[in-house]
Amino acid sequence: DAKTTQPPSMDCAEGRAANLPCNHSTISGNEYVYWYRQIHSQGPQYIIHGLKNNETNEMASLIITEDRKSSTLILPHATLRDTAVYYCIVRVDDKIIFGKGTRLHILP
Amino acid sequence: EPEVTQTPSHQVTQMGQEVILRCVPISNHLYFYWYRQILGQKVEFLVSFYNNEISEKSEIFDDQFSVERPDGSNFTLKIRSTKLEDSAMYFCASSPYWTEAFFGQGTRLTVV
């Protein structure tokens, strides 16, 4: 089972920053936090991952708390194309286990 | 940009028939995966494959399922005798190391 907890759904206005929270209170010291998203029924798309430092790439930023028990994915300027289910995943061994994720609705 | 390619995009098969789903992972990737997603449900892990052998499999991946990397480019999932409940989207993924995995667009399997 997934080791993370996410809100089932969130809304965000187009052009605003979307902040998606994730709790992973049982994370171990060497486990990474990964974020994926799934647009409609397409294949999951990798977004970003991190261990303990904050990370940024062309898609998003990942903020991990100092105790590593939670993290936030930030989409800086959400567009309608960012409407998707976002999955926060703590990687266990060599497999990625998906939970139910957060359904993000971008509102025009 | 390199991508994982899956064929066919949609497969319809009769119950009890064998089906093979095909995937071409990204070149030089070392880890390969199959996942499935039943309509309206979450993405479920089936199996991971590394160094020409299964490294991990889920409870779903029973004796009806098998995977193979027959050559240097293809990665296949075989279902020996399909059941109605095997109807789902099947996603293949690959990763260069034990890091981010890249997914294909999936094969929709419909068992009738």
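Residues numbered from 1 in each chain as written. Chains lettered and ligands numbered in written order. Predicted model: local features only at pLDDT ≥ 70, side-chain atom pairs only at ≥ 80, totals over all residues. Heavy atoms only, no water.

### A closer look at the pairing of strand S6 (residues 61–64) of chain A
All names here are of chain A. Summarising the sheet, strand S5 (residues 55–56) and S6 pair through two bridges and their orientation is antiparallel. Looking at S6, one finds that Glu 55 is bridged to Leu 62. Taken together, S5 and the strand that follows it, S6, pair antiparallel across an intervening segment of four residues. Where S6 lies against strand S7 (residues 70–75), four bridges are found, and the strand directions are antiparallel. Of the residues in S7, the one forming a bridge with Ser 61 is Ile 74. What sits between the antiparallel neighbours S6 and S7 is a turn of five residues, in which Arg 68 has the positive phi angle 65 degrees. (Pairing = 2+ DSSP bridges. Helix = DSSP H or I, 4+ residues; strand = E, 2+ residues; numbered from the N terminus.)

### A few points about the sheet that holds strand S1 (residues 5–7) of chain B
In sheet architecture, strand pairing relies on hydrogen bonds along the backbone and comes in two forms, parallel and antiparallel. Residues and elements named next belong to chain B. Spatially, S1-S3-S8-S7 is the arrangement adopted by the four strands of the open sheet, whose pairing is antiparallel. In this open sheet, the two strands that pair with only one neighbour each are S1 and strand S7 (65–68). Direction aside, the axes of adjacent strands within the sheet are offset by 20 degrees on average. Inspection of the sheet shows strand S3 (residues 19–24) paired to strand S8 (residues 75–79) by five bridges, in the antiparallel sense. Bridge pairing in S8 links Ile 20 to Lys 78. (Axes fitted to C-alpha atoms, helices over the stretch in contact; angles between N-to-C directions.)

### Here we look at the pattern of salt bridges
Applying the stated criterion across every chain, the model contains four salt bridges over all chains. Between Lys 3 of chain A and Glu 31 of chain A there is a salt bridge whose closest N-O contact spans 2.8 Å. With a gap of 28 residues between them, Lys 3 of chain A in the segment before strand S1 (9–13) and Glu 31 of chain A in the loop between strand S2 (18–23) and strand S3 (33–38) connect regions that are remote in the sequence. Salt-bridge contacts for Arg 36 of chain B lead to Glu 44 of chain B; the nearest nitrogen and oxygen are separated by 3.0 Å. (Salt bridge = Lys/Arg side-chain N within 4 Å of Asp/Glu carboxyl O.)

### Remarks on the state of the cysteines
Under the criterion given, the structure shown has two disulfides over all chains. Residue pairing for Cys 22 of chain A: its cysteine sulfur links by disulfide to Cys 88 of chain A, the two sulfurs lying 2.1 Å apart. Measuring handedness by torsion sign, the sulfur bridge of Cys 22 of chain A and Cys 88 of chain A sits at about -80 degrees and is left-handed. In this pair, Cys 22 of chain A sits in strand S2 while Cys 88 of chain A sits in strand S8 (residues 84–90), placing the two residues 66 residues apart along the sequence. Like Cys 88 of chain A, Cys 22 of chain A is buried. A sulfur-sulfur separation of 1.9 Å characterises the disulfide bridge that pairs Cys 23 of chain B with Cys 92 of chain B. Handedness here is read from the sign of the S-S torsion; for Cys 23 of chain B and Cys 92 of chain B, about -65 degrees, the answer is left-handed. (Disulfide = S-S within 2.5 Å. Buried < 20%, exposed > 50% of the residue type's maximum accessible area, 1.4 Å probe, protein only.)

### Thoughts on the interface of chain B and chain A
Note on interface size: it is often stated as the accessible area lost on association of the parts. Taken together, the contact pairs 19 residues of chain B with 19 residues of chain A. Of the roughly 1,700 Å² buried where chain B meets chain A, counting both sides, 51% is carbon and sulfur surface. Area buried by chain B at its contact with chain A is led by Lys 42, Trp 98 and Phe 103 of chain B, which between them contribute 28% of it. Seen at the junction of chain B and chain A, the total is one salt bridge. A salt bridge links Lys 95 of chain A to Glu 56 of chain B; its shortest N-O distance comes to 2.3 Å. Here chain B is connected to chain A by six residue pairs in polar contact (both at pLDDT 80 or more). Elements that contribute at least two residues to the side of chain B that touches chain A include exactly strand S4 (31–37), strand S5 (44–50), strand S6 (53–57) and strand S9 (88–95) of chain B. Among the elements that take part in the side of chain B that touches chain A, S4 of chain B stands out by supplying three residues, more than any other. (Contact = heavy atoms within 4.5 Å. Buried area = accessible area lost by both parts, 1.4 Å probe. Polar contact = N/O pair within 3.5 Å; in protein donor to acceptor, adjacent residues only side chain to side chain.)

### Looking at the confidence of the model for chain B
Low-pLDDT portions of the prediction should not be read for the details of their coordinates. Here chain B shows a mean pLDDT of 94. Residues at 70 or above account for 100%. Element-level pLDDT for chain B is lowest in S6 of chain B, with a mean of 93, against a maximum mean of 98 in strand S11 (residues 107–111) of chain B. (pLDDT = per-residue confidence, 0-100.)

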